[in-house]
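# Descriptive structure summary
Each chain, letter by letter, is given below.
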Amino acid sequence: MVDIGRIGIVGGAGWLGTAIAKALARSGTVSPDRLICSFRRSKPAEPLDCRWTQDNRELVDNSDIVILSVRPEDWNAVEIEAAGKLVVSVMAGVTVDNIRERTGSARVARALPNAAAELGFSYTPFFVASSETRDAETVGTLFRSCGEVDIVSRETDIDYFTAMSGSGAAFPALLAEAMMNDAIARGIPTAVARRAAQQLIIGAGRLQERDGASPDETVTSFVDYKGTTAAGILAMRRAGFANVVEAGLDAAFRKAKALSVQ
């Protein structure tokens, strides 16, 4: 195991902060005795057995890496002085320049894990703005504990991924909801329709993971077979499925940009 030092999570009691903390400990990326989390009101119902504090100054003093996991709208109320530390933000919309200004650190990264982080199935893109050559490797190591990672070369890509992968299970759940409602409308009992739609999403993910095929390869293989699934895919395309998805991602992307703190 590579020693990446002591880690502090500001907002470690929130859902994402808790997920990251559990992923780091579960994967062995950091031992609980080298992890410190801060909380504003109370610890989680089942807190990780690490160090807890309500004092962010204490957290920074006992950390080599500071992860900022607070809601963007709460960021301006957080006081952090972290000069010389690697500061990693998982906040949507908050820019590198703003983080540098507020923390005093010249070593800043932005990452965007999603709700599957706790299970080790998140996708986390990250952007690094630091002159320390090892910081990119360190950030990658941090978030591999949560799942798959990619480094991106443009900060604006993080805002796009806030809309896409950052939405986690929400968009697949939206598809499942539509399929469930269609089944119910056709007389299928609600419990059966729900179970069918939910298992479809779970099974599809497992198959993609096992086969390693890209989404376009999977779709093409079904279309080329010219069966019932192909008929459904072609009908969805004619009805503007891609346009609907594009509109949703664009709206989420614009919302992410609007969150930016200048």
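Reading the values: rules and limits
Residues numbered from 1 in each chain as written. Predicted model: local features only at pLDDT ≥ 70, side-chain atom pairs only at ≥ 80, totals over all residues. Heavy atoms only, no water. 1 Å grid on protein atoms, 1.4 Å probe; cavity = no way out; pocket = protein on both sides within 12 Å on 5 of 7 lines; lining within 4 Å. Points joined across faces, edges and corners; volume = space filled by probe spheres on them. Nonpolar A, V, L, I, M, F, W, Y, C, P; charged D, E, K, R; others polar. Helix = DSSP H or I, 4+ residues; strand = E, 2+ residues; numbered from the N terminus. Pairing = 2+ DSSP bridges. Axes fitted to C-alpha atoms, helices over the stretch in contact; angles between N-to-C directions. Contact = heavy atoms within 4.5 Å. Phe/Tyr/Trp six-rings, centres within 6.5 Å; stacked < 30°, edge-to-face > 60°. Buried < 20%, exposed > 50% of the residue type's maximum accessible area, 1.4 Å probe, protein only. Lys NZ or Arg CZ within 6 Å of the ring centre and 35° of its normal. Left-handed = near helix turned anticlockwise from the far one by under 90°. Right-handed = clockwise from strand over helix to strand, strands pointing away. Parallel < 35°, antiparallel > 145°, perpendicular 65-115°, else oblique. Disulfide = S-S within 2.5 Å.

## Here's the deal with the layout of surface pockets
- Computed from the structure, the second largest pocket encloses a volume of approximately 1000 Å³.
- W15, S69, V70, R71 and P72 are the residues nearest the centre of the second largest pocket, which is lined by 40 residues in total.
- Across the lining of the second largest pocket, the residue classes break down as 20 nonpolar, 13 polar and seven charged.

## Observations concerning the environment of A109
- Examined against the element boundaries, A109 turns out to sit in strand β6 (residues 107–111).
- C-alpha separation for the pair A109 and I99, spaced 10 residues apart in sequence, amounts to 9.2 Å.

## Looking at the sheet that holds strand β1 (residues 7–10)
- Across the sheet, which stays open at both edges, the eight strands sit in the order β3-β2-β1-β4-β5-β6-β7-β8 with mixed pairing between neighbours. The open sheet is flanked by β3 (51–53) and β8 (147–151), the only strands paired with a single partner. Mean inter-strand twist for the sheet, computed between neighbouring axes without regard to direction, equals 20 degrees.
- Sheet analysis places β1 next to strand β2 (residues 35–38), joined by four bridges and oriented parallel. Paired with I9 across the strands is C37, a residue of β2.
- The strands that helix α1 (residues 15–27) touches are β1, β2 and β4 (65–68); relative to β1, the one it contacts most, it runs at about 160 degrees.
- Contacting β6 and β7 (122–129), helix α5 (residues 155–163) runs over the sheet at an angle of about 160 degrees to β7.

## Remarks on the packing of aromatic side chains
- Counted according to the given criterion, the structure contains four aromatic pairs.
- Taking the centre distance of 5.8 Å and the plane angle of 70 degrees together, the rings of Y160 and F161 count as edge-to-face.
- In this structure Y160 comes out as partly exposed when scored by relative accessible area, which is 33%.
- Linked through ring pairs, Y123, Y160, F161 and F253 together constitute an aromatic cluster.
- Over the face of the ring belonging to W75 we find R102, whose NZ or CZ atom lies 4.5 Å from the ring centre.

## Digging into the packing of helix α6 (residues 170–185) against helix α7 (residues 190–211)
- Two elements in contact, α6 and α7, have axes separated by 9 Å at closest approach and are oriented at 145 degrees. Taken as a pair, α6 and α7 cross one another with a handedness that is right-handed. Packed against α6, whose contacting residues are P172, A176, M179, M180, A183 and I184, the element α7 presents T190, A193, R194, A197, L200 and I201 at the interface.
- Among the residues forming the contact of α6 with α7, the class breakdown is 10 nonpolar, one polar and one charged.

## Considerations on the pairing of β6
- Of all five residues making up β6, four are buried, and the element is well covered by its neighbours.
- Across four bridges, strand β5 (residues 86–89) lies against β6 in parallel orientation. Each residue of the ladder has a partner; that of L86, found in β6, is R107.
- Viewed along the sheet, the connection from β5 through helix α3 (residues 96–103) into β6 turns out right-handed.
- In this structure, β6 lies alongside β7, joined through four bridges in antiparallel fashion. The residue bridging R110 from the neighbouring strand is F127, located in β7.

## Overview of the packing of helix α8 (residues 215–225) against helix α9 (residues 228–238)
- For the pair α8 and α9, interaxial distance at closest approach is 7 Å and the crossing angle is 115 degrees. Comparing the axis directions of α8 and α9 gives the class roughly perpendicular. Handedness of the crossing formed by α8 with α9: left-handed. Within the contact between the two elements, α8 uses V219, F222 and V223 and α9 uses T229, A230, I233, L234 and R237.
- Class assignment of the residues belonging to the contact of α8 with α9 gives a composition of six nonpolar, one polar and one charged.

## Here's the deal with the state of the cysteines
- Scanning the entire structure with this criterion turns up zero disulfides.
- We note that C37 lacks a disulfide partner, and the nearest cysteine sulfur, in C50, lies 3.9 Å from it.
- By relative accessible area, C37 is classed as buried at 0%.
- On the accessibility criterion, C50 (13% relative accessible area) is buried.

## Section: unusual backbone geometry
- With a phi angle near 60 degrees, K226 is a residue other than glycine that sits in the positive phi range.
- Position of K226 relative to the elements: it lies in the loop between α8 and α9.
- Judged by relative accessible area, which is 70%, K226 ranks as exposed.

In short, the description is geometric, and any link to function would need to be established separately.
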